[in-house]
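Next come the chains, spelled out residue by residue.
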Amino acid sequence: EDKVVQSPLSLVVHEGDTVTLNCSYEVTNFRSLLWYKQEKKAPTFLFMLTSSGIEKKSGRLSSILDKKELFSILNITATQTGDSAVYLCAGKGGGTYKYIFGTGTRLKVLA
Amino acid sequence: NAGVTQTPKFRVLKTGQSMTLLCAQDMNHEYMYWYRQDPGMGLRLIHYSVGEGTTAKGEVPDGYNVSRLKKQNFLLGLESAAPSQTSVYFCASSRDAESNQPQHFGDGTRLSIL
């Protein structure tokens, strides 16, 4: 059965800290791994990763995929209170409608 | 620049009442989805549609029905609401199955069943 597991479940850090969020996956005919940020409303898309070893970067956020070991990490450097959110990871197989979501990591950044 | 729009945003129902949640997207996406999100459970797929006039069950379809009469709209119905259906409901759309495109989500509907 396809599954995506995220760790840790929750994390509390202080502004300026660096955090690493983990996502491991088992997805049939794997094609892509997606990261979303969810504040109070809709999950908003951050990154999609399809190839191993290539880092996707946007400002202080970056993500990398390891297709051999079946995991991805999301790094946030110099965290700010605005980074407080639930971060969702999802895996997608090829030729399928299905996105398999993890339960999310709840990040709280304290001022 | 609407994207995915869900109505209503909040609703309180009594057990046994019925209601319909509406989702509309303006991106000409083929695929549409209804999820529910509960604490500690992540996003769970209720029903999905791969095109106008077609629907299929996801992982938690019981107690829900859907319809996709128009490509841009995907309706989720609760025929007889139960307290276990108290949740936040998200609609999403994506272009298709083959392209590596992310899903786009609506802002959610918070539904409470008393």
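Residues numbered from 1 in each chain as written. Chains lettered and ligands numbered in written order. Predicted model: local features only at pLDDT ≥ 70, side-chain atom pairs only at ≥ 80, totals over all residues. Heavy atoms only, no water.

A. Representation of the overall build of chain B in the model. Summing up its helical and strand segments, chain B has zero helices and 11 strands in all. Each helix and strand of chain B, placed in order from N terminus to C terminus, yields the pattern β-β-β-β-β-β-β-β-β-β-β. Here the C-alpha radius of gyration of chain B, 13 Å, is about what a compact globule of 114 residues would show, namely 13 Å. For chain B, the C-alpha atoms occupy an extent of roughly 40 × 30 × 30 Å along the three principal directions. Looking at chain B as a whole, 48% of its 114 residues qualify as buried. Residue pairs at least 24 apart in sequence account for 54% of intrachain contacts in chain B once pairs closer than 6 positions are excluded. Taken as a whole, chain B presents about 5500 Å² of accessible surface, with 50% of it coming from carbon and sulfur. Averaging the coordinates of the 11 positive side-chain charges in chain B and doing the same for the 10 negative ones gives two points 8 Å apart. (Helix = DSSP H or I, 4+ residues; strand = E, 2+ residues; numbered from the N terminus. Rg over C-alpha atoms; globule rule 2.2 N^0.38 Å. Buried < 20%, exposed > 50% of the residue type's maximum accessible area, 1.4 Å probe, protein only. Contact = heavy atoms within 4.5 Å. Areas by Shrake-Rupley, 256 points an atom, 1.4 Å probe, with all protein chains shown as cover. Lys, Arg positive; Asp, Glu negative; His and termini not counted. Charge placed at Lys NZ, Arg CZ, Asp CG, Glu CD.)

B. Local environment of unusual backbone geometry. In this chain, A:S7 is followed by A:P8 through a cis amide linkage whose omega measures -10°. Take A:P8: it is sitting in the loop between β1 (3-7) and β2 (10-14). Of note, the bond from B:T7 into B:P8 is cis; its omega dihedral lies within 30 degrees of zero at -5°. Tracing the backbone shows B:P8 in the loop between β1 (4-7) and β2 (10-13). For A:A78, which is not glycine, the phi dihedral falls at a positive 45°. In this fold, A:A78 is placed in the loop between β8 (71-76) and β9 (85-93).

C. Structural detail: the interface of chain A and chain B. Taken together, the 20 residues of chain A in the interface contact 21 residues of chain B. Of the roughly 1700 Å² buried at the junction of chain A and chain B (both faces included), carbon and sulfur atoms supply 58%. When the area that chain A buries against chain B is broken down by residue, the three leading residues are A:Y97, A:Y99 and A:F101, summing to 34%. The tally of links from chain A across to chain B stands at two residue pairs in polar contact (both at pLDDT 80 or more). Every element with two or more residues in the side of chain A that touches chain B is listed here: β4 (30-38), β5 (44-49), β9 and β10 (99-101) of chain A. Tallying contributions element by element places β4(A) first for the side of chain A that touches chain B, with five residues. For the side of chain A that touches chain B, the class distribution of residues is 10 nonpolar, seven polar and three charged. (Buried area = accessible area lost by both parts, 1.4 Å probe. Polar contact = N/O pair within 3.5 Å; in protein donor to acceptor, adjacent residues only side chain to side chain. Nonpolar A, V, L, I, M, F, W, Y, C, P; charged D, E, K, R; others polar.)

D. Up close: the sheet that holds β1(B). Residue and element names in this part refer to chain B. Spatially, β1-β3-β8-β7 is the arrangement adopted by the four strands of the open sheet, whose pairing is antiparallel. This sheet does not close on itself; its edge strands, each paired only once, are β1 and β7 (64-67). On average, each strand axis in the sheet is inclined to that of its neighbour by 20°, with strand direction left out of account. Sheet analysis places strand β3 (residues 19-25) next to strand β8 (residues 73-78), joined by six bridges and oriented antiparallel. Within β8, the position partnered with M19 by the bridge is L78. (Pairing = 2+ DSSP bridges. Axes fitted to C-alpha atoms, helices over the stretch in contact; angles between N-to-C directions.)

E. Structural context of the environment of B:E59. Residue and element names in this part refer to chain B. Mapped onto the elements of the fold, E59 is located in the loop between β6 (54-57) and β7. Each C-alpha atom of the pair E59 and I46 lies 5.9 Å from the other, and the pair is 13 residues apart in sequence. Leaving out residues up to four positions away in the same chain, E59 has contacts with L43, R44, L45 and I46.

F. Spotlight on the pattern of salt bridges. Evaluation of the coordinates by the stated rule reveals five salt bridges over all chains. Measuring nitrogen to oxygen at the nearest pair gives 3.9 Å for the salt bridge that ties A:E39 to A:K37. With relative accessibility at 14%, the residue A:K37 sits in the buried group. Across the salt bridge formed by A:D83 and A:R60, the nearest N and O atoms sit 2.8 Å from each other. Of this pair, A:D83 sits in the loop between β8 and β9 while A:R60 is found in the loop between β6 (56-58) and β7 (61-66), placing the two residues 23 residues apart along the sequence. For A:R60, a relative accessible area of 23% corresponds to the partly exposed category. Each member of the salt-bridge network shares a partner with another, and the members are B:R36, B:D38 and B:R44. (Salt bridge = Lys/Arg side-chain N within 4 Å of Asp/Glu carboxyl O.)

Read these as spatial facts, not as claims about activity.
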